[in-house]
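Architecture at a glance
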Amino acid sequence: MSSTSIGLDIKGTAMSSAYAIERSTPTSRVAAIMALVLVAGLIAAPWWAGRANLRLLGEIYTFVALSSLWNLLAGYTGLVSVGQQAFVGLGGYTLFGLTIFTGVPPLVAVALAGVIGGAGALLLAPLLFRLQGAYFAIGTWVAAEVFRLSFAQVAALGGGSGTSLPTAIVVSIAADRSLREGLIYWSALALTLVALGFVIALLRSRTGLALTAIRDSEIASESCGINIAWTKILVYVATAAISTMVGALIFLQKLRISPEAAFSVNDWTAFVIFIVVIGGIGTIEGPLVGTLVFFALRETLANLGTTYLLILGAVAIVVMLKAPKGLWGVVADRFGIALVPIRRQVKTR
Amino acid sequence: MPLLEVTALSKHYGALRVTDNVSFTLQSGAALGIIGPNGAGKTTLFNLIAGAIQPNAGRIVFEGADISALPSRERCRRGIGRSFQIPHPFVGMTTYENVLIGASYGRGASERASEGRAIEVLSASGLMRKANVLAGNLTLLERKRLELARALATDPKLLLLDEIAGGLTEPECHELVETIRHIRASGVSIIWIEHVVHALLAIVDRIIVINFGQKIAEGEPHRVMASAEVAEIYMGLDGEAA
C-alpha cells in the first residue's frame, strides 16, 4: 500500500480521478428485463386467466406487498412488529367507512386509506418507540388488539359481527362484473408494484444506507450524523401507510369485513412472518420466493385442514434450522447473485 | 476563541467517577494527546465530547457554542468527527458506502453531492482499491483506516482519534502517523488517545494525563512524559509506554 505517498487534499477536488458509481450487474439487468416481461404478462391476466385464478393472483399480490413491507421493517430496520394487522384492518374499515358514510368511490378510498394509515402510525409511534425489541413487538400487537376492539364497537359497521359492502357501492366501481374484477385486480397489481418499488427505492437511497448503518452499529451511525429515531419512524410510518392501502384493497376483494377477519394476527402477521422467514429475511427477493412457496403449499394442502398448519409449522422449523437466511439466502450465498442490486460499485475510468 | 473548551466535566456511574472534574481547552489547529492507564476514563471523555453519553456536570463549548446537550449526530454536523477504539465498520456495506455515509450524513449533503468527497477521502486514506469490498472483509489495518476515513469524510474541524495505532505493526503505524500528519497539516484539530506513545509524540504539541477520571498532568509532551506522575502511572505497564 502506497498511501503515504498520496497527499491528502482535504478541501480540494483535484485528487479524485474520473470515476463512476454503478449498481447494475449483468444478472440484475437480465432480471429487470424478465421482471418487465412478467409484469406485462400479469397486466394481461384478465384476458388469459379465469375468474378463480385472477382472484388467487390478486391475493398473492397482497401477500407479496405485505411481506415485502414487513421485511423492510423487521429485516432492515430492526422493528419486529407483530401488529401489522392493525393497519390491514384499519385499511379495510377505512374503505368500508368512507364508501358507506361519505360516498367516496372505493378505489379513491383505497388511496385515502394510505393517508389515514400513515397518520395512525404517526400517532402510535411516540407510544411504540418507547419500547425496544420484544417489548416493541408486544406493543404493536396490543395496539392492533385495541384497534380490533374499537372497531367492534362501531354499530354502523356491523359491530362485532361485521358487514358487507353494499351492492350499490360495489356496482359503482363498474357495472360489468368482469370489468369490475379486472379493475380490482389491476389495482392490486399496481399497489403491489408501488410497495415493491417503494421498498427497492428506499433501500437504494441514502436512507437505505442509513438503515444498514444503524443495523450494523448504532453508536457509529449517530457519530456519523444519522438520526436513528427519525429514520426508524420514517420507515415505520411509510410502511404503515402502504400496508393500510393494501388492507383496504384486500377487503375490496373480499367485499365483507368483520373485526376478527380485519385484525387477524394469523392472516396478516403470522403468515407474513412465515413467508419472510422461509423466503429470506433481510433480502428483497426473499418475500417474493416465500410468497410463492406459501401459496404453493396452501393451494396443494389447504384441504387437509389443521394438518396443513402443522406442515406449515414444520416447514418453518426446518428452514430456520437448516437455512436461517431462508431459501433465497441459500441461493444468494451459493451463486453470489442479487436480482435487485443495492450495493454501489465504484468504477474508475 | 478556543475551538473546544471543556469545563469541570464529570460523569459518574453510581459511586464510580469515570470522569471527574476535567477541564481543558484546545486551540484551533492544535493537536492534543491524551494518555493514561487502561480504565482511566479516556474513552469516556471522548464519548462525552462526541455526545455518545451525557455528563452529570460540566460544560462543553465548541466554537463558542455550548454543545453539552446536543446529540452526537448534531455535534458531528458541527464538526466533531471521531474514530472508535474498536473499529465499528458498517459491515453490511462496502468501504465506499461506509465513507459515503460520513460524507453525506456527516455534512448534511445529498448523496450526489457527497460522492466526490467520499472518493477523495478513500484515495487519501489508501482505501481506493478496497472501495467495493464489504467492510466486514477488511483487515485490521484497513478497518482502522476506514475508521479514520469515515470520520474524515464528515469534514471535521476536530477529529477525535481513539487508540488508532493500537495493534498495528511498526511500518503500518508509521504509515498511519504520516496520514494523520497530513490531516493535521490540512487544518484539522486533533485530540488523540494513544498507548503507542512514540506515534503520539510524532504529532501532538500538548499532552494531558488522565488517571481515575481526573486530569493529573498537562503540558508540553516531553516534559509530561518525563514527569514523576507519568512514570508512576506507567510503572508495570509495557516498555513502549514507560
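Note that the coordinates shown come from a computational prediction; the quantities given were computed from them, not determined experimentally. (Residues numbered from 1 in each chain as written. Chains lettered and ligands numbered in written order. Predicted model: local features only at pLDDT ≥ 70, side-chain atom pairs only at ≥ 80, totals over all residues. Heavy atoms only, no water.)

1. Here's the deal with the interface of chain B and chain A
Stated precisely, the cut-off is as follows: Working rule for contacts: check all heavy atoms of both residues, and any pair within 4.5 Å makes them a contact. Two parts lose some accessible area (1.4 Å probe) when they are put together, and adding that loss for both gives the buried area. A pairing counts as a salt bridge when a side-chain nitrogen of Lys or Arg comes within 4 Å of a carboxyl oxygen of Asp or Glu. We define a polar contact as two N or O atoms separated by no more than 3.5 Å, with the added condition that, inside protein, one atom must be a possible hydrogen donor and the other a possible acceptor, whereas residues neighbouring each other in sequence contribute only through side-chain atom pairs. Only DSSP runs of H or I with at least four residues qualify as helices, and only runs of E with at least two residues qualify as strands; both kinds are numbered from the N terminus onward.
Taken together, the 48 residues of chain B in the interface contact 40 residues of chain A. Both faces considered, chain B and chain A share a buried interface measuring about 4,000 Å² in area, 61% of it formed by carbon and sulfur atoms. The three residues of chain B that bury the most area against chain A are Arg73, Tyr105 and Glu120 of chain B, which together make up 17% of that side's buried surface. On inspection of chain B and its partner chain A, the count reaches 4 salt bridges. Across the salt bridge formed by Arg343 of chain A and Glu97 of chain B, the nearest N and O atoms sit 2.5 Å from each other. Here chain B and chain A share 14 residue pairs in polar contact (both at pLDDT 80 or more) between them. Going through the elements one at a time, α2 (72-78), α3 (95-105), α4 (115-124), α5 (140-153) and α6 (170-185) of chain B are the ones with two or more residues in the side of chain B that touches chain A.

2. Some points on the sheet that holds strand β8 (residues 189-193) of chain B
Residue and element names in this part refer to chain B. Applied cut-off: Following DSSP output, two strands are said to pair if at least two bridges run between them. Axis geometry follows a simple rule: fit a line to the C-alpha atoms, using only the stretch in contact for helices, then measure angles between N-to-C directions, giving values from 0 to 180 degrees.
Spatially, β6-β7-β8-β3-β9-β10 is the arrangement adopted by the 6 strands of the open sheet, whose pairing is mixed. Each edge of the open sheet is held by one strand with a lone partner, namely β6 (80-82) and β10 (214-219). Sheet twist, expressed as the average angle between the axes of neighbouring strands with direction ignored, equals 20°. Looking at chain direction, β6 and strand β7 (residues 158-162) are connected through 3 bridges and run parallel. Pairing of Arg82 across the sheet is with Leu160, part of β7. This element, α5, spans β6 and β7 of the sheet and lies at about 160° to β7. Contacting β3 (31-35), β7 and β8, α6 crosses the sheet at an angle of about 150° to β8.

3. Concerning the packing of helix α13 (residues 265-279) of chain A against helix α15 (residues 306-322) of chain A
Residue and element names in this part refer to chain A. For clarity, the cut-off: Each crossing gets its handedness from the near helix: less than a right angle anticlockwise from the far helix is left-handed, clockwise is right-handed. Three classes are used: nonpolar for Ala, Val, Leu, Ile, Met, Phe, Trp, Tyr, Cys and Pro, charged for Asp, Glu, Lys and Arg, and polar for all others, with Gly counted as polar.
For the pair α13 and α15, interaxial distance at closest approach is 10 Å and the crossing angle is 35°. Considering the relative orientation of α13 and α15, their crossing is left-handed. Contacts between α13 and α15 pair Phe271, Phe274, Val277 and Ile278 from the former with Leu309, Leu312, Val315, Ala316, Val319 and Met320 from the latter. Of the residues belonging to the contact of α13 with α15, the class tally is 10 nonpolar, no polar and no charged.

4. Brief notes about α3 of chain B
Counted only if it meets this: Three labels apply to residues, based on accessible area from a 1.4 Å probe with only protein chains included: buried if under 20% of the type maximum, exposed if over 50%, partly exposed otherwise in between.
α3 of chain B sits mainly inside the fold: 11 of its 11 residues count as buried. Residues of α3 of chain B that are buried: Thr95, Tyr96, Glu97, Asn98, Val99, Leu100, Ile101, Gly102, Ala103, Ser104 and Tyr105 of chain B.

5. What to know about the domain arrangement of chain A
Residue and element names in this part refer to chain A. Spelled out, the test is: Note: domain ranges come from an automatic or database domain assignment.
The domain architecture assigned to chain A consists of domain 1 (51-263) and domain 2 (265-335). The centre of domain 1, based on its C-alpha atoms, is set 21 Å off from the matching centre of domain 2. Contacts between the two partners involve 29 residues from domain 1 and, on the opposite side, 20 residues from domain 2. Summing both partners gives a buried area of about 2,000 Å² for domain 1 against domain 2, and 76% of it is carried by carbon and sulfur. The tally of links from domain 1 across to domain 2 stands at 1 salt bridge. Counting across the interface, domain 1 meets domain 2 through 10 residue pairs in polar contact (both at pLDDT 80 or more). When residues of the side of domain 1 that touches domain 2 are traced back to their parent elements, those giving at least two are α3 (51-77), α4 (85-102), α8 (177-204), α11 (228-254) and α12 (259-262). Counting residues per element, the side of domain 1 that touches domain 2 draws most heavily on α3, which supplies 13 residues. In terms of residue class, the side of domain 1 that touches domain 2 is made up of 19 nonpolar, 8 polar and 2 charged.

6. Concerning the environment of Glu299 of chain A
Along the chain, Glu299 of chain A falls in helix α14 (residues 286-301). For the pair formed by Glu299 of chain A and Ala44 of chain A, sequence separation is 255 residues and the distance between their alpha carbons is 23 Å.

7. Observations regarding the packing of aromatic side chains
The relative placement of two aromatic rings is captured by the distance of their centres and the angle of their planes. For clarity, the cut-off: What counts as a ring pair is set by centres within 6.5 Å for rings of Phe, Tyr and Trp (its six-membered ring), and what kind of pair is set by the plane angle: stacked under 30 degrees, edge-to-face over 60, tilted for all other angles. By definition here, charges over rings are those cases where NZ of Lys or CZ of Arg is within 6 Å of the ring centre and within 35 degrees of the ring normal.
Tallying each qualifying case throughout the model produces 17 aromatic pairs over all chains. Judged by centre distance (4.6 Å) and plane angle (20°), the rings of Tyr93 of chain A and Phe151 of chain A are stacked. With Tyr93 of chain A in helix α4 and Phe151 of chain A in helix α6 (residues 133-151), this residue pair connects regions lying 58 residues apart in the sequence. Classification of Tyr93 of chain A as buried rests on a relative accessible area of 2%. Note on Phe151 of chain A and Phe263 of chain A: the rings are 5.6 Å apart at their centroids and 20° apart in plane angle, and the pair reads as stacked. Taken together, the residues span a long stretch of sequence, with Phe151 of chain A in helix α6 and Phe263 of chain A in the loop between α12 and α13 at a distance of 112 residues. Like Phe263 of chain A, Phe151 of chain A is buried. Ring pairs connect the aromatic residues Phe63, Phe251, Trp268, Phe271, Phe274, Phe294 and Phe295 of chain A, which therefore count as one cluster. Positioned above the aromatic ring of Tyr105 of chain B, the side-chain terminus of Arg206 of chain A is 3.9 Å from the ring centre.

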